[in-house]
Structures are given as C-alpha cells and as structure tokens.
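Report on the structure
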Amino acid sequence: MIYLKTEEEIELMRIANHVVGKTLAEIGRAIAPGVSTVSLDNLADTFIRDHGGIPLFKGYRGFPASICVSVNENVVHGLPGEYRLKEGDIVSVDCGVKINGYCGDSAYTFCVGEVKPEVKQLLKTTKDALYEGISCAVEGKRIGDVSYAIQKHCEERGYSVVRELVGHGIGRMMHEDPEVPNYGKRGYGPLLKKGMCIAIEPMINMGSRNVRFEKDGWTVSTRDKKPSAHFEHTVAIRNGEADILSTFDYIEEK
Ligand code: MG
Ligand code: MG
C-alpha cells in the first residue's frame, strides 16, 4: 500500500528532515581522529531531542542507538560503540527523526581527516548517483527508472551496487511501500505519483557487491573488506522535478 501525502504532510516531513540534516551536520563537526562512535550517537540523541524530535532508529526492531555509524567496510546499520575513528577512515552516518508524527531519513558518508583519493572518488560517485536517481524521481516515471539511473552511474565507473538493502517509501512510518532498489530496469516497478515520498539511498562498494551480516545482529559489511559508501535523501514526488525534503546544506556549508 503506497500512501500519497498531502502538501501539509509533505511540509511536516520537511521539518523532520531538516532536523535530520542539522543532526548530521552536528555529527560532521564532531568527527575527528580519536572520537568514539558511541560519542557521536550520544551527541545525535541529545541534539534530536533538543530540537523536538524522536530518534527514529532507537528501539526499531530493538536497535539500541539513535544513529547508525558504519566505518570503512561497514556498509550500513553499524552499531555505535567504543571504536575510535582514525585518520583516513570514512564513516557513514544514517539518521532518522520523527516530529509531529512524520519521519525524516537521510545519510551521509564523512571523511576522517585526509582520505585516499580513490576512496574520495567512491564517495563522490555514490553521492552523484543519489542525485542521478533523484533526477528520475518524478511523476510519470517508475521506481525502476530511479534504480537504473543509480546502478548505471556506479557500475559504469567500476563500483558495485549492494542488492540486499534498498530504499523505501516513508511518511508516518520510517519504512513504507514501495521498496526502492539501487539496481533495476528502466520502465519497471511502481509508477511514481505526485505525493509519493521515498527515501533513495545508494549503498555502493569499491570492490564486489557481496555483503556479510555481522554477528552483532546489525552491522552489514563488505565481504572483501573494501570500503562502502552510503548517501540518502528523502524526496517527495512532484511533476517535473523531485522535491528533496532532506538536505546536505547544513553539512556542506561549514
Ligand atoms: Mg536512513
Ligand atoms: Mg532509509
């Protein structure tokens, strides 16, 4: 069941997504060599609540933290813990917030200090792929058009697309229909209609696409231990151009 949102609902989602963007920026400012991932989680939890939000991830299927922190070969769903970031690491932070009954969801992969040029290229390609996908997220196209755009952009550049995890519809619930895979065929899948809200979130690997599910029950990692990047926006479908409800402006303005 795909729920179409009214303009009022979309504006409520924009509010939640802007708190997500501000939280990610706050985390970005704190990221440095020597900082533990659990300290980033504490920061996020406090920041979200101070801004009137509820951390969406905390307690979701028993997830114990307010953000997912996935370092280097961790793809997504990393558990914040005692690990201390090192110069040259990349760290994907995924954040979800609910305010006034509506959800926001966005993710960004940060560099810790100076990162190898080939890893920076992975991050650039993943973020560019997200916007390629968003450019197809318009009324009249299909989910497969979004999926194909992301896959094509990454595979043409020699990267691989994780298959086991996908984007999703979002609204009152963090995960609604439809699924939004990062691979697929043009012209296939659910038709995009005005008022649909979806989270588009490419998870792109430098090496092979294969992943393993770690024993902690949450963390997903690349099998070959090569790095993986993750960027996510929540968007509303409109005629002509997608309305990006989340934002990286707070992160990138610093
Ligand atoms: Mg997310
Ligand atoms: Mg998501």
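Higher on the page you've got the structure.
Residues numbered from 1 in each chain as written. Chains lettered and ligands numbered in written order. Predicted model: local features only at pLDDT ≥ 70, side-chain atom pairs only at ≥ 80, totals over all residues. Heavy atoms only, no water.

**Observations concerning the sheet that holds strand E6 (residues 160-161)**
- With antiparallel pairing, 3 strands are arranged side by side in an open sheet as E6-E10-E13. The open sheet has two edge strands, E6 and strand E13 (228-230), and neither has a second partner.
- Here 3 bridges tie strand E10 (residues 203-205) to E13, and the two strands are oriented antiparallel to one another. Bridging across to E13, Met203 finds its partner in His230.
- Lying over the sheet, helix H3 (residues 117-135) contacts E10 and E13, oriented at roughly 35 degrees with respect to E13. (Pairing = 2+ DSSP bridges. Helix = DSSP H or I, 4+ residues; strand = E, 2+ residues; numbered from the N terminus. Contact = heavy atoms within 4.5 Å. Axes fitted to C-alpha atoms, helices over the stretch in contact; angles between N-to-C directions.)

**Observations concerning the nonpolar core**
- Counting residues in each nonpolar core, the largest one holds 53 residues, and the members touching the most others are Ile31, Ile67, Val91, Val146, Ile198 and Ile200.
- Looking at this core, the elements that each hand over two or more residues are helix H1 (7-30), helix H2 (37-50), strand E2 (67-71), strand E4 (90-99), strand E5 (102-111), H3, helix H4 (143-155) and strand E9 (197-200).
- In contact with Val146, not counting residues within four places along its chain, are Gly133, Cys136, Ala137, Val180, Leu192 and Ile200.
- Counting 15 residues, the second largest nonpolar core, distinct from the first, contains Met13, Cys103, Cys197 and Leu245. (Core = buried A, V, L, I, M, F, W, Y, C linked by side-chain atoms within 4.5 Å. Buried < 20%, exposed > 50% of the residue type's maximum accessible area, 1.4 Å probe, protein only.)

**Section: the coordination of the magnesium ion (ligand 1)**
- Every protein donor of the magnesium ion (ligand 1) is listed here as Asp94 (OD), Asp94 (OD), Asp105 (OD) and Glu232 (OE), and their distances to the metal cover 2.0 to 2.6 Å.
- Mapping the donors of the magnesium ion (ligand 1) onto the primary sequence gives the spacing D-x10-D-x126-E.
- Between the magnesium ion (ligand 1) and the magnesium ion (ligand 2) the interatomic distance amounts to 3.1 Å, and Asp105 serves as a bridging ligand to the pair. Taken together, the positions of Asp94 in strand E4 and Glu232 in the loop between E13 and strand E14 (233-236) put the pair 138 residues apart, joining distant regions of the chain. (Donors = N, O, S within 2.8 Å, 3.2 Å for Na, K, Ca; no water.)

**Overview of the side chain of Ser246**
- Assignment of secondary structure puts Ser246 in the loop between strand E15 (243-244) and helix H5 (249-252).
- Side chain to side chain, Ser246 and His233 meet in a polar contact 2.7 Å long.
- Looking at Ser246, its side chain comes within polar contact range of the main-chain nitrogen of Thr234, at 2.9 Å.
- Ignoring anything within four residues of it in the chain, the contact list for Ser246 reads Asn17, Asp105, Ser106, Glu232, His233 and Thr234. (Polar contact = N/O pair within 3.5 Å; in protein donor to acceptor, adjacent residues only side chain to side chain.)

**Focus on the coordination of the magnesium ion (ligand 2)**
- Bound to the magnesium ion (ligand 2) on the protein side are Asp105 (OD), His168 (NE2), Glu201 (OE) and Glu232 (OE), at distances that span 2.1 to 2.3 Å.
- In primary sequence terms, the donor set of the magnesium ion (ligand 2) follows D-x62-H-x32-E-x30-E.

**As for the packing of H3 against H4**
- For the pair H3 and H4, interaxial distance at closest approach is 8 Å and the crossing angle is 150 degrees. Between H3 and H4, the interaxial angle falls into the category roughly antiparallel. Every pair of crossing elements has a handedness; the one defined by H3 and H4 is right-handed. Residues Thr125, Asp128, Ala129, Glu132 and Gly133 of H3 form the contact with H4, whose own contacting residues are Val146, Ala149, Ile150, His153 and Cys154.
- A class-by-class count of the residues in the contact of H3 with H4 yields 5 nonpolar, 3 polar and 2 charged. (Parallel < 35°, antiparallel > 145°, perpendicular 65-115°, else oblique. Left-handed = near helix turned anticlockwise from the far one by under 90°. Nonpolar A, V, L, I, M, F, W, Y, C, P; charged D, E, K, R; others polar.)

**Some remarks on the sheet that holds strand E3 (residues 74-76)**
- Spatially, E3-E12-E11 is the arrangement adopted by the 3 strands of the open sheet, whose pairing is antiparallel. At either end of the open sheet lies a strand with only one pairing partner, and these are E3 and strand E11 (211-213). The mean inter-strand angle of the sheet, taken between neighbouring strand axes irrespective of direction, is 40 degrees.
- Direction of pairing for E11 relative to strand E12 (residues 220-222): antiparallel, over a ladder of 3 bridges. By the bridge assignment, Arg212 is partnered in E12 with Ser221.

**Remarks on the pattern of salt bridges**
- Applying the stated rule across the entire model yields 14 salt bridges.
- Between Arg238 and Glu7 there is a salt bridge, with the nearest N and O atoms lying 2.8 Å from each other. Of the two residues, Arg238 sits in the loop between E14 and E15 while Glu7 sits in helix H1, which places them 231 residues apart along the sequence.
- When the shortest N-O distance is used, the salt bridge between Arg157 and Glu156 registers 3.8 Å. (Salt bridge = Lys/Arg side-chain N within 4 Å of Asp/Glu carboxyl O.)

**Focus: the packing of aromatic side chains**
- The full count for this structure, using the stated rule, is 6 aromatic pairs.
- Relative to Trp218, the ring of Phe63 has its centre 4.9 Å away and its plane inclined at 85 degrees; by these criteria the two rings are edge-to-face. Of the two residues, Phe63 sits in the loop between strand E1 (54-55) and E2 while Trp218 sits in the loop between E11 and E12, which places them 155 residues apart along the sequence.
- Taken together, a centroid distance of 5.0 Å and an interplanar angle of 75 degrees make the contact between Tyr108 and Phe231 edge-to-face. Residue Tyr108 is found in strand E5, and its partner Phe231 is found in the loop between E13 and E14; the two are separated by 123 residues along the sequence. Just as Tyr108 is buried, Phe231 falls in that class too.
- Ring pairing ties together the aromatic residues Tyr108, Phe110, Tyr131, Phe231 and Phe248, which thus form one cluster.
- Over the ring of Tyr183 we find Arg163, and its NZ or CZ is 4.7 Å from the ring centre.
- In this arrangement the basic side chain of Lys185 is found over the ring face of Tyr188, its NZ or CZ atom lying 5.3 Å from the centre. (Phe/Tyr/Trp six-rings, centres within 6.5 Å; stacked < 30°, edge-to-face > 60°. Lys NZ or Arg CZ within 6 Å of the ring centre and 35° of its normal.)

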